[in-house]
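Here's the letter readout for the chains.
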Amino acid sequence: MASRPAPPAEDHRSAATPLIVAIAAGATAAGIILWLTGSTLVAAGFLAGALVIAGSVFLAVRLLPSTKVDEPAVDWSVAHTLASMSSDALAVTDRAGRLVCANDRFGALFPSYPAPPGVVASEWVSAQLGTAGRAAWRDGNASSGTFETAGTKLTAHIIRVGDSMLVWRFAGTDVVDLTKQAQALVAGASGDRLGAAGIMMALLGGDGRVRAANRVVRQRAMGDENAMIEGRDFTRFLITDNLGIVRFEREGLSGTPLRVLEIPFLDGDNAPMLVALLDDELAIPHPAIGDTAGAHVRSLISLLPSGIALVGGDGRFVHMNDAFVRAAHVNAANPPLYPGDLVVREDKAALADAIRRFAAGAAHSMDMTVRFAEAPDEGVAISIAAARGLGEAAVLLSLRDAGEEGRLKRQVAQATKMQAVGQLAGGVAHDFNNILTAIIGHCDLMLMRHAPGDSDYDDIQQILINSNRAAALTRQLLAFSRQQTLRPQVLQLPDVISEVSNLLKRLLGETVELVVSHGRNLRPVRADPGQLEQVVVNLAVNARDAMLTKSPNGGGTLTIETFGVPAHEVRAMDDDVLPVGDYTALRISDTGTGIPADVLAHIWEPFFTTKEVGKGTGLGLSTVYGIIKQSGGYIFAESPKGKGAVFTIYLPAHAAGDVAAVKTPATKPVQGDLWGSGTVLLVEDEAMVRAVAERALARQGYTVLTAENGEAALELLATSQKPDLLITDVVMPTMDGPTMVRHARKRYPDLKIVFMSGYAEEQLRKSIDLDNVAFLPKPFSVQQLAEAARAALTVK
């Protein structure tokens, strides 16, 4: 009998797979609904329905094994319905970054429904959202920084649901247009209520033309409350008599006197301005002004971004808006009774006297400068005017936002001080370089006569080492004063970071994690790569020390980021220091102790340090500042409260063809090629430098003629044969080096020239802008001088 084949074994795994998928999908959708609605009942009901479907699928597979059952798809209709009820923009993405679903608000903010993080065309925003998304995958939830799109300021809040999806919620508020709000307030129902209370309101543009006015203004100024007044010069409707009393031109000199209050609610010379007109009959309060009108006035003042406060006849505060509270450092929990309570003791009497004078009926407004007790180092301009007719208020205080103005003044003062110190540092470095040139040169000459092991060799070597340390210090001074010699190249910032990364890992140690992140499509910059590496190293070392202070074992994270900043993002920053343009930025941040506010204002100053005596020169950050500024860039330091320090460097993006070609230094000859022949004319006003250079060149085989200044050199040229090479200092008394070279070139047009100076080549660029010349910075060694001479003679 032929045997029958045994029936195939039941595949429990394939039967269970749809059940597992359905349960997981149901749980994922239920989690999304719970996060969107906050209702555990709705989420539980949705999950129960999913489990019922899953059970049905499982029984179908078990009972009908021959029937193919498709894996259940998640029904997103409930989640989509609930999401459409949210005022926030919502979206769901999967592990592959694909958009699974989104609500209508998301489509309104981001047309064509792009998948996060690429919702807007901004490298900076995409990088921020991408970082937040990765953090949500790792930690379960995360939030991004604030960005703006479609007139709305947004912040993304991201939560991971299960292991397969991210839910993105973009919460934000519409950007407020204060001008439009004020225009609607004046011309709308609120303006009519103010008019009924006797307050005439008009909104004027920066050119003095009317943008909006309430009905009372139209009636009094034009005789018709429905007349078209917009676009007209407001001053044409007013007249002033010989006593300075203002009236409507239509009513003539017999009309009711007016009190004019100008309320600048936006900064800027051409910013719109609110004008309030009040009938001022012999300084008697208008009988129509009551509590309702006072409430309207306070509501209007509360909308303005300028700091404004109302003071009663008894000298007490009646009302102050939020901008005044912030600018005057008012304690909201314990507000002051009198304006004098806000200022330092020296300003109390003057402010109180001015308020009493205006409460008694002083006619004209006045400005005075006071210092708030909470910020005694900064003077603030405050305008004082009478406010009769505003209910119980008698005096109006207008506080001009001097924070930005004060910041700019401090920046100008800081820049002036830095420039003065820089000039001093450059002069000191020049003189010091001459001395170091003599010391280093004599050490080199002595080492040529002593071999290792001689009794004097080690001492000479020690002098040379310390001289080189002093030379490095002078280079830092020149870097701070932006007078060092730079060799700029067109380069990519990620390449510079890559070159210095291995060094940074050794400097930071095992306990500090180095995180490097590069943006996409970075434009090249033009800078000296060696100097940029010094910038990164200096900032990294400072960050390491800050993290060591915070944690005994020095643990922490140093983050280095590069990203592009296009011109429209710079324009949106509205920064007075950073010009609008395309930049490639470098940001270095740490998790250390941060920088105290009183220290932050001084970090760029030379020799300023918070380290212990003997543990810092105070030139690290000043050198960084000088290098970046000399490279045409900008550097900003921030220290958010409770976080570490953040340094952001903006370097102008390089555009091909917009920068003159950089002179490529001649290739240095090898040591064996340093011997030469011929005549060298050496011109140097410092006798010690001239003696060392003469001996060094003579040892290399050259015939050396010397002169102590430019005139002596020209006389020597006139009485001797043509030299093969002219080596001259740049800055000399009576006649400088470049002037002497121009006279010599008239006699010998093809004369080879080497300039040497303790000043930087960049600083002397205009004066030494001659053809076929080389530059040798001081201090230099005997070998460097020989190399420069040999290189100049071999150039064709």
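A few points on the structure. (Residues numbered from 1 in each chain as written. Predicted model: local features only at pLDDT ≥ 70, side-chain atom pairs only at ≥ 80, totals over all residues. Heavy atoms only, no water.)

Some words on helix α11 (residues 345-359)
Side chains of residues three or four places apart in an α-helix project in the same direction, reflecting 3.6 residues per turn.
Line of reasoning, step 1. Relative to the 21 Å expected for 15 residues at 1.5 Å per residue, α11 spans 22 Å between its end C-alpha atoms, a close match to the ideal helical length.
Line of reasoning, step 2. Along α11, the residues that are buried comprise D347, L351, A354, I355 and F358. An end-on view of α11 places all buried positions within 100° of arc, on one side of the element. In α11, the exposed residues that point more than 90 degrees away from the buried face are R345, A349 and R356.
Line of reasoning, step 3. After α11 finishes, the residue G361 shows a positive phi value of roughly 120°. (Helix = DSSP H or I, 4+ residues; strand = E, 2+ residues; numbered from the N terminus. Expected span 1.5 Å × (residues − 1). Buried < 20%, exposed > 50% of the residue type's maximum accessible area, 1.4 Å probe, protein only. Arc of directions from axis to C-beta.)

Remarks on the sheet that holds strand β18 (residues 512-518)
Line of reasoning, step 1. Reading across the sheet, the five strands line up as β18-β20-β21-β23-β22 and stay open at both edges, with mixed pairing between neighbours. A single partner strand is all that each edge strand has here, and the edge strands are β18 and β22 (634-638). This sheet shows a mean twist of 15° between the axes of neighbouring strands, independent of strand direction.
Line of reasoning, step 2. Bridge count between β22 and strand β23 (residues 646-652): five bridges; the pairing is antiparallel. Bridge pairing links Y634 to Y650 in β23.
Line of reasoning, step 3. Sitting on the sheet, helix α14 (residues 493-508) is in contact with β18, β20 (556-565), β21 (583-590) and β23, with an inclination near 175° to β18. (Pairing = 2+ DSSP bridges. Axes fitted to C-alpha atoms, helices over the stretch in contact; angles between N-to-C directions. Contact = heavy atoms within 4.5 Å.)

Details of the packing of aromatic side chains
Here the distance between the centres and the angle between the planes together describe a pair of aromatic rings.
Line of reasoning, step 1. Within the structure shown, the criterion is met by eleven aromatic pairs.
Line of reasoning, step 2. Both rings, one in Y583 and one in Y650, keep their centres 6.1 Å apart while their planes meet at 80°; by these two values the pair is edge-to-face. Remark: Y650 occurs in strand β23 and Y583 occurs in strand β21; sequence separation between them is 67 residues. Neither residue differs from the other here; Y583 and Y650 are each classed as buried.
Line of reasoning, step 3. Three or more aromatic residues link up through ring pairs in this structure, and these residues are F106, F110, Y113, F147, W168 and F170.
Line of reasoning, step 4. When the ring centre of W137 is taken as reference, the NZ or CZ atom of R95 above it lies at 3.9 Å. (Phe/Tyr/Trp six-rings, centres within 6.5 Å; stacked < 30°, edge-to-face > 60°. Lys NZ or Arg CZ within 6 Å of the ring centre and 35° of its normal.)

Observations concerning the pattern of salt bridges
Note that side chains of opposite charge can pair when their charged atoms are close.
Line of reasoning, step 1. In total, this model carries 17 salt bridges according to the counting rule given.
Line of reasoning, step 2. With a closest N to O distance of 2.6 Å, R218 and E230 form a salt bridge. Taken together, the residues R218 in helix α8 (residues 215-222) and E230 in the loop between α8 and β8 (238-240) connect sequence positions twelve residues apart.
Line of reasoning, step 3. A residue is classified by how much of its surface remains accessible, and R218, at 12% relative accessible area, is buried.
Line of reasoning, step 4. A salt bridge links R220 to D279; its shortest N-O distance comes to 3.2 Å. Of the two residues, R220 is situated in helix α8 and D279 in strand β11 (residues 273-279); the sequence distance between them amounts to 59 residues.
Line of reasoning, step 5. For R220, a relative accessible area of 16% gives the class buried.
Line of reasoning, step 6. With a relative accessible area of 17%, D279 lands in the buried category.
Line of reasoning, step 7. Beyond isolated ion pairs, a larger network of salt bridges with shared partners links R220, E251 and D279. (Salt bridge = Lys/Arg side-chain N within 4 Å of Asp/Glu carboxyl O.)

Digging into a negative patch on the surface
Line of reasoning, step 1. A surface patch of like charges, here negative, comprises D454, D456, D458 and D459.
Line of reasoning, step 2. Along the chain, the position of D459 falls in helix α13 (residues 457-480). (Patch = residues over 30% accessible without salt bridge, like charges linked within 9 Å, V, L, I, M, F, W, Y side chains within 5 Å. Areas by Shrake-Rupley, 256 points an atom, 1.4 Å probe, with all protein chains shown as cover. Lys, Arg positive; Asp, Glu negative; His and termini not counted. Charge placed at Lys NZ, Arg CZ, Asp CG, Glu CD.)

Overview of the environment of G633
Line of reasoning, step 1. Considering the arrangement of structural elements, one finds G633 in the loop between α18 (620-630) and β22.
Line of reasoning, step 2. Residue classification places G633 among the buried positions, given a relative accessible area of 1%.
Line of reasoning, step 3. Each C-alpha atom of the pair G633 and T584 lies 9.7 Å from the other, and the pair is 49 residues apart in sequence.
Line of reasoning, step 4. Those residues in contact with G633 that lie beyond four places of it in its chain are I628, Y650, L651 and P652.

In short, geometric facts, not functional conclusions.
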